[in-house]
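Here are the chains, one letter per residue:
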There are 2 protein chains.
Amino acid sequence: MAFLKNVIARYQELRLDILAFNFVSYLINWDSDTEAKAGSLEDRSIFVGRLNEMELRITRSKEYIDIVNTLFDNRDNLDELLRIEITNVHKEMEKNLKIPEQEMINHSMLMAKSPSIWATAKLNNDYNAFKDTLKELMNFNKRFIKYLETDELKGYDILLDNFEEGMTKEKYDQFFDLLKKEIVPLVKKINEKNKNYQTPKFATLDYPIEKQKEFAAYLMDVMCFDQNYGLMKESEHPFTSGFGTHDVRVTNHYYVDNFVSSIFSAIHELGHATYERANDEKLNFTFLQGGTTMAMHESQSRFYENIVGRSYPFWQRHYPKLQEVFKEQLIDVTLDEFYRFINHVTPSLIRTEADELTYSLHIMVRYEMEKIMVETDTPVEEYPKIWNKLYYDYLGVEVPNDREGILQDIHWAFGECGYFPTYALGSAYGAQLLNQMKKDLDINQAFGSDNLSMVNEWLKKHIHQYGKMKKPNELLIDATGESFNPEYFVKYLKEKYSKIYKL
Amino acid sequence: MAFLKNVIARYQELRLDILAFNFVSYLINWDSDTEAKAGSLEDRSIFVGRLNEMELRITRSKEYIDIVNTLFDNRDNLDELLRIEITNVHKEMEKNLKIPEQEMINHSMLMAKSPSIWATAKLNNDYNAFKDTLKELMNFNKRFIKYLETDELKGYDILLDNFEEGMTKEKYDQFFDLLKKEIVPLVKKINEKNKNYQTPKFATLDYPIEKQKEFAAYLMDVMCFDQNYGLMKESEHPFTSGFGTHDVRVTNHYYVDNFVSSIFSAIHELGHATYERANDEKLNFTFLQGGTTMAMHESQSRFYENIVGRSYPFWQRHYPKLQEVFKEQLIDVTLDEFYRFINHVTPSLIRTEADELTYSLHIMVRYEMEKIMVETDTPVEEYPKIWNKLYYDYLGVEVPNDREGILQDIHWAFGECGYFPTYALGSAYGAQLLNQMKKDLDINQAFGSDNLSMVNEWLKKHIHQYGKMKKPNELLIDATGESFNPEYFVKYLKEKYSKIYKL
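## What to know about the relation of the copies chain B and chain A
Moving on, step 1. Overlay of chain B on chain A (RMSD 0.0 Å): rotation 180°, translation along the axis 0.1 Å. One copy is carried onto the other by what is essentially a two-fold rotation axis. Among all C-alpha atoms of chain B, that of valine 24 of chain B lies closest to the rotation axis, at 3.4 Å.
Moving on, step 2. In this assembly, 100% of the residues forming the interface of chain B have copies in chain A that are likewise at the interface, indicating an isologous arrangement.

Now the structure itself:
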């Protein structure tokens, strides 16, 4: 097979070129989000456009397309890793090629301005200033659906499948119906119990940012984050970035009057980072490196943030350190008071500030909105009203304005539709993994040790090492013995919060 | 000329691709030098190699070469800016094409390892571990000279011309002979006077780094550095970077026991930054953006650092602020004591720590070394001995080891030969500019105002705005009415230091 060998060699060259552009894109975004000055961004966008074009010149070249097709046709003669990679690449390519180039260009032109139109509209609480752009964005999604439709997949399912292969409206509906049935009433009950809740005094004190950074650094050690291959920086919104297993970066944001925010952001982002770091090294310099899907990535960050990071054993071990760092503020606060505070449930307006229990209800609102936006002709003017009603139905809160309502998230302005549901899915994956982990490990010990190496090892063995080699459901079946099953999530939430709220 | 119009359009496209790669290269280096973790650098080097190759694929393509040649042949029909640019690009290209591709590849393979071989040798004070690499590096330089030789230019002149067009051994010899005649004896006299010098107590105190940063931020304002387009960060060695007039970045380094280091590094780097920022905006997205040569760039940073930043009027205005920031340390120190301290002359071993007066003598050592290394067959084993003798002859100091001797600088390990002399040239350019500036401005007022806007404006008008549109000598003639004349530098140094040392 000298012929195939040559094709593979050329594929590897082109792959390295594409990966080099992806690396560049990572670094430019990292710089833009963490330190580039506003005045430099306009010039930069011209270079970014040019680099994207150069990358497209490769991925849309006849040579590359022929090579991928050839390797796909000969996939049974490839080694396992390359076979999986080519299968993924081929599928993505087939999809991309169905979308006319002019449509892609128009789309990226819209993308170049839509986030800033959204940002201004949000700042001014002015939905009217965004609605035409939103309509255009959703029309793009509708056309993309048309290009990508197959006999099996239609409508919103196309977008859902884009973000999480195999997930459909039917499956999400089952999942969210279960949440409606079990979690919405639970939240109502808790609301009743919360009527006389008063924010504890320690939560309203000032926590010096330098001290918060000190504790975030401590958490890096607790999570075994190797700083020879990674770093933590600051940005407006915390995020995780990097490239390959040897360069993994997270950011954090510190609020002097909200010290728990930086703690849970750190754990969340370090959760993402742990996934990336624990990929098998053989996946570096391939398209199989990273998390298998957004939902699985989010499942890992939320596993660390909520299941571990808001657990009692975790704070049993680390609360003394927190008290030591914030002597003045926490001297009189017991572990139980602190634990109760970080697990306080309160239906709210803003998704990113939601607690573990109500978070999925925020996602349900967006899921229902997206169904309406891409599958119906409902006028864009009516969206805010629908949004507000969904918030009232699921969370029992009244939305006072669009800034805290339909304008709160950037995702749609980024053209992302079908992405939100994966956030809730991620939490549910985590609960299913926890159920299995409990059979293999002493959870109190794993969560309550000096560091989280036991948790890391378990997740590496079952999830992290594989990168994109296995699909989420494959990972779940191999790790837990069954397909995705949302019952575990409901069970986990009901047990935890019934106990906390003595229901 | 529809034909020419099409050629120009295509040239502009390819130029933008090349500039995009240059932008990427700037950003990768910035990240590597300021925050990337050691563990990430190996993977990164693979992408860097790949990106360089992609850029070479453009600049060495038949299409690009043909276009540049065509435009060069038609240069009289181009507008001024493009004519100048194409003339520069064509000259560079002709030079590059004389060097066989295999030689370039071998060179970059050597470059990939030589800096780390040098670093290890320096760390271990082990010249033997570096000497073979140094020999290889100098052999490359010797071969490059052969490739590039013309009827007019031969030998070391080729390398000198590479870094500063028009400069030759003959001209540098005149310059350095003058320094030998005038400055070497002056330094000797000062040495005599310094015999009983004792470092003042305030210079040995601790200066908290946060306070040093506060004063560096103050200096950004003094130098009118617009932080919407630039930033100051930390790195092991201070440097200036950026891309175009809208993204200019400097770094600084803070030593708790050497507070003046961060002050003069800040002024020096902000001097480079001021040059970049003040380029005419029309030069952005062309190859004419930036400083015209290394020497002219260095002349600007040294002008700000030494001529302005170590002047009496400057500190008359800003010393009270410095005292305010370092109340404890400087309360009893007078302006005159501080001024005297920052202008203290002491022949030393390390170039980067040299004072304004002796700095050029350090450069002379390297200049003489380079002549020997590229124009003779002197065995590499003898270099340290020669280095040490030159230090004794010019500076009167005994070199105790190679780490503080011939191994101190990274430049040769980077393959740079012919670069050092431009450092001294830069200082001399500055003095010639000062001589003219004094005719146009009230220097006491310009240096001693709240900010340096008068200085900035004068330099922008005569130097900065032009980017690479004019060669250094052209700039000097237009600004001062004459070609480069080292007498101004000698005059400036003798006047300043005779006064300080009451000679």
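## Structural notes on the interface of chain B and chain A
Moving on, step 1. Across the boundary between the two partners, chain B contributes 38 residues, which contact 38 residues of chain A.
Moving on, step 2. Where chain B abuts chain A, roughly 3,400 Å² becomes buried across the two surfaces, and 65% of that area is made up of carbon and sulfur atoms.
Moving on, step 3. Joining chain B to chain A, the criterion identifies 12 salt bridges.
Moving on, step 4. Two residues, glutamate 35 of chain A and lysine 233 of chain B, come together in a salt bridge whose shortest N-O distance is 3.0 Å.
Moving on, step 5. Among the elements of the structure, α1 (2–34), α2 (41–59) and β1 (230–234) of chain B are those that each provide at least two residues to the side of chain B that touches chain A.

## Looking at helix α2 (residues 41–59) of chain A
All names here are of chain A.
Moving on, step 1. For α2, spanning 19 residues, the distance from its first C-alpha to its last is 26 Å, which sits close to the expected 27 Å at 1.5 Å a residue.
Moving on, step 2. Within the span of α2, buried status applies to Asp43, Arg44, Phe47, Arg50, Leu51, Met54, Glu55 and Ile58. Projection of α2 onto a plane perpendicular to its axis shows the buried side chains occupying an angular sector of 140°, all on one side.

## A word on the confidence of the model for chain A
Moving on, step 1. Averaged over every residue, the pLDDT of chain A is 96; the share at 70 or more is 100%.
Moving on, step 2. This complex was scored by the predictor with a pTM of 0.93 and an ipTM of 0.92.

## Here we look at the sheet that holds strand β3 (residues 248–252) of chain A
Residues and elements named next belong to chain A.
Moving on, step 1. The strand order across the open sheet built from three strands is β1-β3-β2, with neighbouring strands paired in mixed fashion. Each end of this open sheet is capped by a strand with a single partner; those strands are β1 (230–234) and β2 (240–242). This sheet shows a mean twist of 25° between the axes of neighbouring strands, independent of strand direction.
Moving on, step 2. In this structure, β2 lies alongside β3, joined through three bridges in antiparallel fashion. The partner of threonine 240 across the bridge, within β3, is valine 250.
Moving on, step 3. Packing of helix α10 (residues 259–277) onto the sheet brings it into contact with β1, β2 and β3, and relative to β3 it is tilted by some 170°.

## Focus: the environment of aspartate 173 of chain A
Residue and element names in this part refer to chain A.
Moving on, step 1. Tracing the sequence through the fold places aspartate 173 in helix α8 (residues 169–193).
Moving on, step 2. Sequence separation between aspartate 173 and methionine 364 is 191 residues; the distance between their C-alpha atoms is 9.6 Å.
Moving on, step 3. The contacts of aspartate 173, once residues within four sequence positions are left out, are Tyr367 and Lys371.

## Structural notes on the sheet that holds strand β3 (residues 248–252) of chain B
All names here are of chain B.
Moving on, step 1. If you trace the three strands from one edge of the open sheet to the other, you get β1-β3-β2, paired in mixed fashion. Pairing within the sheet leaves two strands with one partner each, and these edge strands are β1 and β2 (240–242). Ignoring strand direction, the axes of neighbouring strands in this sheet form an average angle of 25°.
Moving on, step 2. Contacting β1, β2 and β3, α1 runs over the sheet at an angle of about 20° to β3.

## Details of the packing of α8 of chain A against helix α16 (residues 383–395) of chain A
Working note: a packed helix pair is described by the angle between its axes plus the distance between those axes.
All names here are of chain A.
Moving on, step 1. Viewed as axis vectors pointing N to C, α8 and α16 meet at an angle of 75°, and their least axial separation amounts to 9 Å. As judged from the angle between their axes, α8 and α16 are roughly perpendicular. Residues Lys180, Val184, Lys188 and Asn191 of α8 lie in contact with α16, whose contacting residues are Asp393, Tyr394 and Leu395.
Moving on, step 2. Looking at side-chain class alone, the contact of α8 with α16 contains three nonpolar, one polar and three charged residues.

## Considering the pairing of β3 of chain A
As a general feature of sheets, a regular strand has side chains that alternate between the two faces.
Moving on, step 1. In terms of burial, β3 of chain A is a largely internal element, five of the five residues being buried.
Moving on, step 2. Burial along β3 of chain A is two-sided: Val248, Val250 and Asn252 of chain A facing one way and Arg249 and Thr251 of chain A facing the other are all buried.

## Considerations on the nonpolar core
Moving on, step 1. By size, the foremost hydrophobic cluster in this structure holds 134 residues, and its most contacted members are Phe175, Phe259, Phe303, Trp315, Leu322, Phe338 and Phe447 of chain A.
Moving on, step 2. Those residues in contact with tryptophan 315 of chain A that lie beyond four places of it in its chain are Phe215, Ile263, Phe264, Gly309, Arg310, Pro320, Leu322, Leu335, Phe338 and Ile342 of chain A.
Moving on, step 3. Counting residues in hydrophobic clusters, the runner-up holds 130 residues, among them Leu357, Val397, Leu452 and Ile500 of chain B.

## A word on unusual backbone geometry
Residues and elements named next belong to chain B.
Moving on, step 1. Of note in this structure, asparagine 125 is not a glycine but carries a positive phi near 50°.
Moving on, step 2. With respect to the helices and strands, asparagine 125 occurs in the loop between α5 (101–123) and α6 (128–148).
Moving on, step 3. A positive phi angle, close to 60°, is found at cysteine 224, a residue other than glycine.
Moving on, step 4. If you trace the backbone, cysteine 224 turns up in the loop between α9 (209–222) and β1.

## Notes on the environment of lysine 502 of chain B
All names here are of chain B.
Moving on, step 1. Topologically, lysine 502 is positioned in the segment after α21 (487–500).
Moving on, step 2. Exposure remark for lysine 502: the relative accessible area of 68% places this residue in the exposed category.
Moving on, step 3. Sequence separation of lysine 502 and isoleucine 190 is 312 residues, and the distance between their C-alpha atoms is 9.6 Å.
Moving on, step 4. Setting aside its immediate chain neighbours within four residues, lysine 502 contacts Lys193 and Tyr497.

## Section: the pattern of salt bridges
Moving on, step 1. Following the criterion strictly, the structure yields 88 salt bridges over all chains and no others.
Moving on, step 2. Notably, a salt bridge pairs aspartate 377 of chain A with lysine 142 of chain A, separated by 3.6 Å at the nearest N-O pair. With aspartate 377 of chain A in the loop between α15 (359–375) and α16 and lysine 142 of chain A in helix α6 (residues 128–148), this pair connects stretches of sequence that are 235 residues apart.
Moving on, step 3. When the shortest N-O distance is used, the salt bridge between glutamate 368 of chain B and lysine 371 of chain B registers 3.6 Å. Residue glutamate 368 of chain B and its partner lysine 371 of chain B are both found in helix α15 (residues 359–375); the two are separated by three residues, about one turn of the helix.

## Section: the packing of aromatic side chains
Residue and element names in this part refer to chain B.
Moving on, step 1. Tallying each qualifying case throughout the model produces 74 aromatic pairs over all chains.
Moving on, step 2. Taking the centre distance of 5.7 Å and the plane angle of 70° together, the rings of tryptophan 30 and phenylalanine 239 count as edge-to-face. Here tryptophan 30, found in helix α1, pairs with phenylalanine 239, found in the loop between β1 and β2; they are 209 residues apart in sequence, far enough to count as distant. Both residues of the pair, tryptophan 30 and phenylalanine 239, count as buried.
Moving on, step 3. Both rings, one in tryptophan 387 and one in tryptophan 412, keep their centres 6.2 Å apart while their planes meet at 85°; by these two values the pair is edge-to-face. Here the residue tryptophan 387 occupies a position in helix α16 (residues 383–395), and tryptophan 412 occupies one in the loop between α16 and α17 (420–440), the gap between them amounting to 25 residues. For the pair formed by tryptophan 387 and tryptophan 412, the shared burial category is buried.
Moving on, step 4. Put simply, the rings of Phe202, Tyr207, Phe215, Tyr218, Phe259, Phe264, Phe314, Trp315, Tyr319, Phe326, Phe338 and Phe341 touch in pairs and so form one group of aromatic residues.
Moving on, step 5. Sitting over the face of the ring of phenylalanine 72, arginine 75 holds its NZ or CZ atom 3.9 Å from the ring centroid.
Moving on, step 6. Geometry around tyrosine 359 places arginine 302 over its ring, the cationic atom sitting 4.0 Å from the centre.

Quick notes on the rules
- Residues numbered from 1 in each chain as written.
- Chains lettered and ligands numbered in written order.
- Predicted model: local features only at pLDDT ≥ 70, side-chain atom pairs only at ≥ 80, totals over all residues.
- Heavy atoms only, no water.
- Least-squares fit on C-alpha atoms with pLDDT ≥ 70 in both.
- Contact = heavy atoms within 4.5 Å.
- Buried area = accessible area lost by both parts, 1.4 Å probe.
- Salt bridge = Lys/Arg side-chain N within 4 Å of Asp/Glu carboxyl O.
- Helix = DSSP H or I, 4+ residues; strand = E, 2+ residues; numbered from the N terminus.
- Expected span 1.5 Å × (residues − 1).
- Buried < 20%, exposed > 50% of the residue type's maximum accessible area, 1.4 Å probe, protein only.
- Arc of directions from axis to C-beta.
- pLDDT = per-residue confidence, 0-100.
- Pairing = 2+ DSSP bridges.
- Axes fitted to C-alpha atoms, helices over the stretch in contact; angles between N-to-C directions.
- Parallel < 35°, antiparallel > 145°, perpendicular 65-115°, else oblique.
- Nonpolar A, V, L, I, M, F, W, Y, C, P; charged D, E, K, R; others polar.
- Core = buried A, V, L, I, M, F, W, Y, C linked by side-chain atoms within 4.5 Å.
- Phe/Tyr/Trp six-rings, centres within 6.5 Å; stacked < 30°, edge-to-face > 60°.
- Lys NZ or Arg CZ within 6 Å of the ring centre and 35° of its normal.

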